[in-house]
Amino acid sequence: MLIAAVILLLSIFWVELVRDFYHWLAHQWPTLYRLHGWHHRVFRPDLSVVSDTIYKEAHWYNDVPEALVMLTFGLLFWFTIAQFNLAYSWTGSAGSIYTLTFLVGAIARGAGVPKADELTDITHRPGDFTSIPGDLFVNKPYHWRHHFDNQNAYFCGTLTFLDKVLGTALSLKGKKIAVTGASGTLGLALLKYLHLSGAKITALTSSNQEITITNKEENIPVKTISWQVGKEQELLTELEKIDILIINHGINFHGQTSQEAIEKSYQINTFSSYRLMELFLSTVKTNQDIVRKELWINTSEAEVNPAFSPLYELSKRTLGDLITLKRLKAPCVIRKLILGPFKSNLNPIGIMSADWVAKQIVQGAKRDFRNIIVTINPLTYLAFPVKEFFVSNYFKFFTNK
Ligand SMILES: NC(=O)c1ccc[n+]([C@@H]2O[C@H](COP(=O)([O-])OP(=O)(O)OC[C@H]3O[C@@H](n4cnc5c(N)ncnc54)[C@H](OP(=O)(O)O)[C@@H]3O)[C@@H](O)[C@H]2O)c1
């Protein structure tokens, strides 16, 4: 029975993979794009249809051939499984039967059958976005970005698996990204890798210096804005224009326990980050904001592991829990950066290099990981997801709907 279920799920996963690969290929191979391009001519940014004729044509030129390719490979899967003479080989046909529903839907839309679009084309229906882009499954906000954010990303149709593998589950190209703690070790490294990914970067710093990043011995000046803890509100106009805000500033008073150290730790690490988070979330207003805007917040693996600095751990854990709470109903994606020890002004004995950590963060974001863990401590990869799962569900249970 278990084998039957595994074969059945694998056959569906396989045809979905074929669909997404076909879509990816259509964007690499001009001959295939001549067919697929019809699909990109159909919709306006509010997902209303440009013309009924183009809508129908697009199904004959794109959706029907796509479903036929899926069906061919689905049948090939079934044929291959049948060679093993297993008791449940017939479950290998599930992918082909599943594909037939898409083929029938595409033919019905192409033929202009009434209501076929409403019933079968759910990622292209006009109307407000009621959720943020899906994580494991493609929803309308996720797919919208393929049409109107970057056609060379967001290729998946149902499962986001292939985009995660290819690193096309989030496009940073052209995104306006601001980073706090910009003059710090990780801040500078993040700015560099975001710039290399095609983002338009802004440095937010509490210092008075103009920020410059260095890449291959070339100095690149960065748009720099000064801000101070407690004066987050002054950044509102700027944050309205920003697509992704990375809250990265932080301080570590190590073994101190004075009232001043406690208050400063919480003000800098927790409350200024929390205020910036609320301020940025208040700028998410339109459909486009829901899918383009994101918050990435650097909490640290101190959320689940010792950082040998109790005050630092307390302030970062509180921040981590506040993010978990806010994520339950957040109007846009909020990512946590869960980092292990790297060498910086804050941690001169850190083991990893900030450059390597920043590169992993950017790669993790492109794979749409909502919790980006970069550490040398294997326990964190286990402990953090478990902690996040239980805390998140506990918060969900005891918060108002
Ligand atoms: N290093 C590690 O091992 C490690 C591990 C996990 C997480 N982290 C986190 O990674 C982030 C970056 O740290 P880093 O290691 O790169 O340290 P860093 O080089 O000391 O950078 C931290 C930056 O935070 C900003 N900052 C410090 N005090 C501030 C204040 N009072 N008000 C506003 N901004 C202030 C400063 O940037 P500006 O002068 O530009 O404002 C400072 O350069 C921090 O949140 C840290 O907690 C570090």
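Preceding this paragraph is the structure being described.
Here is a short report on the structure shown in this document. (Residues numbered from 1 in each chain as written. Predicted model: local features only at pLDDT ≥ 70, side-chain atom pairs only at ≥ 80, totals over all residues. Heavy atoms only, no water.)

1. Observations concerning the overall build of the protein chain
Put simply, the test is: The way it works is that DSSP assigns letters per residue, a run of H or I at least four long becomes a helix, a run of E at least two long becomes a strand, and they are numbered from the N terminus. Computation of the radius of gyration draws on C-alpha atoms, with the globule rule given as 2.2 Å multiplied by the number of residues to the power 0.38. Relative accessibility thresholds used throughout: buried, under 20% of the residue-type maximum; exposed, over 50%; partly exposed, between the two (1.4 Å probe, protein chains only). Note on contacts: a residue pair is in contact if any heavy atoms of the two residues lie within 4.5 Å.
Scanning the protein chain from terminus to terminus reveals 14 helices and 11 strands. Over its C-alpha atoms the protein chain spans a radius of gyration of 24 Å, differing by no more than 12% from the 21 Å that the globule rule assigns to 401 residues. Along the first, second and third principal axes, the C-alpha atoms of the protein chain reach 70 × 50 × 50 Å. Taken over 401 residues, the protein chain has a buried fraction of 50%. For the protein chain, restricting intrachain contacts to residue pairs at least 6 apart in sequence, the fraction spanning at least 24 positions comes to 63%.

2. A look at the packing of aromatic side chains
The line we're drawing: In this scheme Phe, Tyr and Trp rings, the latter by its six-membered ring, pair at centre separations within 6.5 Å, and the angle between planes marks the pair as stacked below 30 degrees, edge-to-face above 60, and tilted otherwise.
By the definition in use, this model includes 14 aromatic pairs. Their ring planes at 85° and their centres at 5.3 Å tell us that Phe389 and Phe390 sit as a pair that is edge-to-face. The exposed category is assigned to Phe390, whose relative accessible area is 54%. In this structure an aromatic cluster arises from ring pairing among Tyr394, Phe395, Phe397 and Phe398.

3. Quick word on the site of the ligand
Heads up, the condition is: Whether a residue is near a molecule or strand depends on its heavy atoms: if one lies within 4 Å, it is near. Counting of polar contacts relies on pairs of N or O atoms within 3.5 Å, with two restrictions inside protein: one atom must be capable of donating a hydrogen and the other of accepting it, and residues adjacent in sequence are counted only when both atoms are side-chain atoms. What sets the accessible areas is the Shrake-Rupley method with a 1.4 Å probe; for residues, cover comes only from the shown protein chains. Three residue categories are used. Nonpolar comprises Ala, Val, Leu, Ile, Met, Phe, Trp, Tyr, Cys and Pro, charged comprises Asp, Glu, Lys and Arg, and polar comprises the others, including Gly.
The environment of the ligand is formed by 27 residues, the closest being Thr205, Ser206, Asn298, Tyr312 and Ser344. One of the side-chain nitrogen or oxygen atoms of Asn298 is found 2.8 Å away from an oxygen atom of the ligand. Relative to its free-state accessible area of 870 Å², the ligand is covered by the protein chains to the extent of 89%. Those elements giving two or more residues to the shell around the ligand turn out to be helix H8 (185-196) and helix H12 (310-327). Looking at the shell around the ligand, its residues break down into 10 nonpolar, 16 polar and one charged.

4. Things to note about unusual backbone geometry
Unlike most non-glycine residues, His254 shows phi in positive territory, near 45°. Mapped onto the elements of the fold, His254 is located in the loop between strand S6 (244-247) and helix H10 (259-281). Relative accessible area serves as the criterion here: at 39%, His254 is assigned to the partly exposed category. Of note, Ser300 is a non-glycine position whose phi angle comes to about 105°, a positive value.

5. What about the pattern of salt bridges?
Formally: A carboxyl oxygen of Asp or Glu within 4 Å of a side-chain nitrogen of Lys or Arg is what we treat as a salt bridge.
Scanning the model with the defined rule gives 25 salt bridges in all. The salt bridge involving Lys387 is made with Glu303; its shortest N-O contact spans 2.5 Å. Of this pair, Lys387 sits in helix H14 (residues 378-397) while Glu303 sits in the loop between strand S7 (294-298) and H12, and the two are 84 residues apart along the sequence. On the accessibility criterion, Glu303 (6% relative accessible area) is buried. Residue Glu388 pairs with Lys336 through a salt bridge whose shortest N-O separation is 3.0 Å. Residue Glu388 is located in helix H14, and its partner Lys336 is located in strand S8 (residues 333-339); the two are separated by 52 residues in the primary sequence. For Lys336, a relative accessible area of 0% gives the class buried. A network of salt bridges, in which partner residues are shared, links Glu303, Asp321, Arg327, Lys336, Lys387 and Glu388.

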